[in-house]
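What follows is the residue order along each chain.
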Amino acid sequence: MKHEIANMTVPILKDQYGRMKRKLRISVTDRCNFKCIYCMPEHPEWMKKQDLLSFEALLIFCQYMVKQGIENIRITGGEPLMRQGVVHFIRDLQALRALGLKRISMTTNAHYLVKYAEQLKQAGLDDLNISLDSLDAEQFKSLTKKELAPVLNGIDAAKKSGLPFKINCVLMKGQNDDQILPMVKWAKHHNIQLRFIEFMPLDGDQHWTDQAVVSEAEILEQLKPHYDIQLIQQQHEPARQYQLDGQYRIGIISTITHSFCGECDRIRLTAQGELYNCLFAQQGLNIKPYLLNILREQKIKQISDFNELDMQVKPYIWRKAQGYHAIQHQQARKISMHMLGG
Ligand code: SAM
Ligand code: SF4
């Protein structure tokens, strides 16, 4: 199937720089029980619950996306485990495996995992990314405004459930850059996959400066006296992989100093139904009205027509900008990470 834009023939879910889209991130809520300083604004204005896309509408969108070539769906937030019905939604997504869906993942702060890890596994979730920015209880509290213990218990629960998981650690200068070595030692000891993430200019109150970024080079500099470090050839992963002492690997997602935009295969949907072709895009595409139309039609006629949605989504994806470095100097945006889901 082809799509016409201004006399150009555009293949499905491909942008103007030739990057195919294979991964969809869905934020199911902007609400969160944490207040991470690199993410949440001091005074968040939550989306109204009635404005959130229903799981019914989300499922329609996922079905359309998988038919267009999306292979991985990641559920995120805000904190996705705060949205009631999310486990059921994951169960419903299983039907899309027959259409080509390969992985269903979730990113979580782990606070509620003691309750949900086993249910998520039973519902068919493939894996988790868990955020953990400090092993020091006091520092953790000053970063997130929540306690560390439930998160560590949540990580244990994930382990017991058999759900594979990675730990993501966002580093900020002067806040938690003393955690690089402790985090590596801890993760290596427990044989847990660890990725450090450079702080990106997507915090709610827009306090980001490049001085607050702990760069990939600085992370490696801190680890060098303790480990023999080898860069591993990067595949289609945003994280650059490093082998420590020939046995244990860590990843570093360095969007600021080594952007992987050239290979970006992701698109994102906010909880209100705005599609974003890039984390740093200024403008989203509101697809909610098209999804509601499809739902209405399905209820009346038992058939669904994706044409209207298709005519909006593909040109929007096609217009995806080259990447972070092409758009970093644009004006400040209204949307931040807690709405977009990382
Ligand atoms: N609440 C869940 C969590 O924290 O894992 C999911 C949503 S959170 C927005 C998704 C990911 O984005 C987390 O790994 C978080 O650390 C990361 N993140 C948030 N703000 C960021 C920023 N300004 N720069 C880099 N990563 C950020
Ligand atoms: Fe909440 Fe995740 Fe943002 Fe932290 S990073 S405030 S846990 S949404």
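Predicted model only: the values in this text are computed from it and were never measured.

Engineer: Any chance you could explain the UniProt feature "binding site: S-adenosyl-L-methionine" (unreviewed entry) in the chain here in plain terms?
Structural biologist: The UniProt record marks Tyr38, Gly78, Ser131 and Met200 with the feature "binding site: S-adenosyl-L-methionine" (unreviewed entry), using the residue numbering of this structure. Mapped onto the fold, Gly78 is located in the loop between strand E4 (72–76) and helix H2 (86–93). Once you skip the residues sitting within four places of it in the chain, Gly78 turns out to touch Ser27, Thr29, Asp30, Arg31, Cys32 and His338. Inspection of the secondary structure assignment puts Ser131 in strand E6 (residues 127–131). With a relative accessible area of 24%, Ser131 lands in the partly exposed category. Excluding its chain neighbours within four sequence positions, the residues that come into contact with Ser131 are Thr108, Asn109, Val151 and Asn168.

Engineer: Looking at this structure, how should I read the confidence of the model for the chain?
Structural biologist: Low-pLDDT stretches of the model should not have their predicted coordinates read in fine detail. In the predicted model, the chain carries a mean pLDDT of 91, and the fraction of residues at 70 or more is 93%. Note on residues 1–11: pLDDT is under 50 here. Beyond four places in sequence and across chains, it has 18 contacts.

Engineer: Explanation requested: the site of ligand 1 in the structure shown.
Structural biologist: Within the structure, ligand 1 sits among 20 residues, and Tyr38, Gly78, Ser131, Met200 and Met337 are positioned closest to it. Contacts to ligand 1 include Met200, whose backbone N or O atom sits 2.9 Å from a nitrogen atom. With the chains in place, 95% of the 550 Å² that ligand 1 exposes on its own is no longer accessible. Broken down by secondary-structure element, the contributors of at least two residues to the shell around ligand 1 are strand E5 (103–108), strand E7 (165–171) and strand E8 (193–198). Among the residues forming the shell around ligand 1, the class breakdown is seven nonpolar, 10 polar and three charged.

Engineer: Explain the pairing of strand E11 (residues 248–253) to me, please; I cannot follow it from the model alone.
Structural biologist: Look at any regular strand and the pattern is simple: side chains alternate between the two faces of the sheet. For E11, a buried count of five out of six residues is recorded, marking the element as mostly surrounded by other parts of the structure. In this structure, the hairpin formed by strand E10 (residues 240–244) and E11 is closed by a connection of three residues, where Asp245 is found at a positive phi of approximately 50°.

Engineer: Mind showing me how you'd approach the environment of Asn191 here?
Structural biologist: On the secondary structure map, Asn191 appears in the loop between helix H6 (180–189) and E8. Distance in space between the C-alpha atoms of Asn191 and Phe34 is 26 Å, their sequence separation being 157 residues.

Engineer: Would you mind going over unusual backbone geometry with me for this structure?
Structural biologist: For residues other than glycine, phi is negative in most cases, and the peptide bonds are mostly trans. The phi dihedral of Ala110 is positive, around 75°, even though this residue is not glycine. Mapped onto the elements of the fold, Ala110 is located in the loop between E5 and helix H3 (113–123). Classification of Ala110 as buried rests on a relative accessible area of 0%. A positive phi angle, near 70°, is found at Lys145, a position not held by glycine. Mapping Lys145 onto the fold places it in the loop between helix H4 (137–144) and helix H5 (149–161).

Engineer: In this structure, what is going on with the sheet that holds strand E9 (residues 229–231)? I would like to understand it.
Structural biologist: The pairing of strands in a sheet comes from backbone hydrogen bonds and takes either a parallel or an antiparallel form. On the basis of which strands lie adjacent, the open sheet formed by 12 strands has the order E9-E10-E11-E8-E7-E6-E5-E4-E3-E12-E13-E14 and mixed pairing. The two strands at the open ends of the sheet, each matched to only one other strand, are E9 and strand E14 (285–286). The strands touched by helix H1 (residues 55–67) within the sheet are strand E3 (23–27), E4, strand E12 (266–269) and strand E13 (274–276), with E3 carrying the most contacts at an inclination of about 170°.

Engineer: Even after reading the chapter, I still don't get H1, so can you show me in this structure?
Structural biologist: One full turn of an α-helix is made of 3.6 residues, so residues set three or four places apart face in the same direction. The first and last C-alpha atoms of H1 sit 18 Å apart over 13 residues, in line with the 18 Å expected at 1.5 Å per residue. Residues of H1 that are buried include every one of Phe55, Ala57, Leu58, Ile60, Phe61, Cys62, Tyr64, Met65 and Val66, and no others. Gly69 lies just past H1 and shows a positive phi near 115°.

Engineer: Explanation requested: the packing of aromatic side chains in the structure shown.
Structural biologist: Two numbers describe a pair of aromatic rings. These are the distance of the centres and the angle of the planes. Taken as a whole, this structure holds four aromatic pairs when the rule is applied. Look at Phe61 and Tyr64: their rings are 6.3 Å apart centre to centre, the planes differ by 35°, and that puts the pair in the tilted class. Taken together, the residues Phe61 and Tyr64, both in helix H1 and three residues apart, mark about one turn of the helix. A single burial state applies to Phe61 and to Tyr64, both of which are buried. Plain terms: the ring middles of Tyr64 and Phe306 are 5.6 Å apart, the flat faces sit at 15° to each other, and that makes the pair stacked. Placement of Tyr64 in helix H1 and of Phe306 in the loop between helix H8 (288–301) and helix H9 (307–318) is noted, with a sequence separation of 242 residues between them. An aromatic cluster of at least three residues, connected via ring pairs, comprises Phe61, Tyr64 and Phe306.

Calculation rules
- Residues numbered from 1 in each chain as written.
- Chains lettered and ligands numbered in written order.
- Predicted model: local features only at pLDDT ≥ 70, side-chain atom pairs only at ≥ 80, totals over all residues.
- Heavy atoms only, no water.
- UniProt positions renumbered as here; feature names shortened; annotations may be inferred.
- Helix = DSSP H or I, 4+ residues; strand = E, 2+ residues; numbered from the N terminus.
- Contact = heavy atoms within 4.5 Å.
- Buried < 20%, exposed > 50% of the residue type's maximum accessible area, 1.4 Å probe, protein only.
- pLDDT = per-residue confidence, 0-100.
- Near = heavy atom within 4 Å.
- Polar contact = N/O pair within 3.5 Å; in protein donor to acceptor, adjacent residues only side chain to side chain.
- Areas by Shrake-Rupley, 256 points an atom, 1.4 Å probe, with all protein chains shown as cover.
- Nonpolar A, V, L, I, M, F, W, Y, C, P; charged D, E, K, R; others polar.
- Pairing = 2+ DSSP bridges.
- Axes fitted to C-alpha atoms, helices over the stretch in contact; angles between N-to-C directions.
- Expected span 1.5 Å × (residues − 1).
- Phe/Tyr/Trp six-rings, centres within 6.5 Å; stacked < 30°, edge-to-face > 60°.

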